[in-house]
Amino acid sequence: SGPSSMPNQSSSPSTFFSTKPSERPSDSLSEIPTVIPSLMPSLGPSATPSSSPPVTPPHFASLNCPAGTMAMQIMIKTEDKGRPDSSFRVQTKDTNGKFKKRIWRKNDLPDNETSTFEKCLPSNACYKFKIIDRSSDGMCCNFGEGGYIVSWNDTIVKDTLTSLSFTSGRKSVSPKFGDDC
């Protein structure tokens with residue numbers, strides 16, 4: 001006798017795995033996790049910490065900059081001590097060729113929040129991004145998982161968020177970027 005076309009009316013779960021989704025949600029939790037990500041985000045934090053980084057490098061939305069300028073985009077996830085601990089600076093070279101001229105800065109980033117900043121900057125310059133952690137303990141991992149991602153003209157310049165690598169020290173500085181470096 002071959003397989004039945006009638007659905008299984010048994011009250012005990014099947015020991016066979018299906019490759020097709022069920023028609024309705026189950027009444028109990030599965031002991032086997034799914035490999036396919038959920039289409040809906042969870043409504044709250046998980047009971048146990050994740051062993052993977054909290055964020056993957058974002059694809060920043062394209063910023064339409066005028067001719068002669070390029071998009072600089074920054075994503076910063078602060079730890080529990082964001083304000084008044086964390087601030088950032090974008091600097092360009094001064095007349096002596098040192099990165100001392102501040103062209104963009106943001107102080108007192110909010111606690112335990114992900115913020116995105118974007119600005120069109122002249123492309124014919126050379127820049128560095130610097131983030132300051134006043135308590136000198138980095139942005140990860142004593143008081144939460146924080147870090148930052150800097151993008152210039154849709155290219156990631158520096159990413160300490162995915163790797164959670166800004167773990168100590170007072171400052172973290174990006175490599176130089178821009179057309180005049």
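Here, the structure is the one placed above.
Nothing here was measured: the structure is a model prediction, and the numbers come from that model.

Visitor: Give me the lowdown on the sheet that holds strand E1 (residues 69-77), citing residues and values where you can.
Guide: With antiparallel pairing, the four strands of this open sheet are ordered in space as E4-E1-E8-E9. The outermost strands of the open sheet, each flanked by one partner alone, are strand E4 (114-122) and strand E9 (155-159). For this sheet, the mean angle separating the axes of adjacent strands, direction not counted, is 20°. Pairing analysis gives six bridges linking E1 to strand E8 (residues 147-152), with the strands arranged antiparallel. For Ile 76, the partnering residue across the bridge sits in E8 and is Tyr 148.

Visitor: Residue-level account of the sheet that holds strand E5 (residues 127-133), with values.
Guide: An order of E3-E2-E5-E10 is seen for the four strands of this open sheet, with the pairing classed as antiparallel. Two strands in the sheet have a free side with no partner beyond their single neighbour: strand E3 (99-106) and strand E10 (171-173). With strand direction ignored, the average angle separating the axes of adjacent strands in the sheet is 25°. Bridge analysis of strand E2 (residues 86-93) against E5 gives seven bridges, and the strand direction is antiparallel. Bridge assignment links Val 90 to a residue of E5, and that residue is Phe 129.

The rules behind these values
- Residues numbered from 1 in each chain as written.
- Predicted model: local features only at pLDDT ≥ 70, side-chain atom pairs only at ≥ 80, totals over all residues.
- Heavy atoms only, no water.
- Pairing = 2+ DSSP bridges.
- Helix = DSSP H or I, 4+ residues; strand = E, 2+ residues; numbered from the N terminus.
- Axes fitted to C-alpha atoms, helices over the stretch in contact; angles between N-to-C directions.

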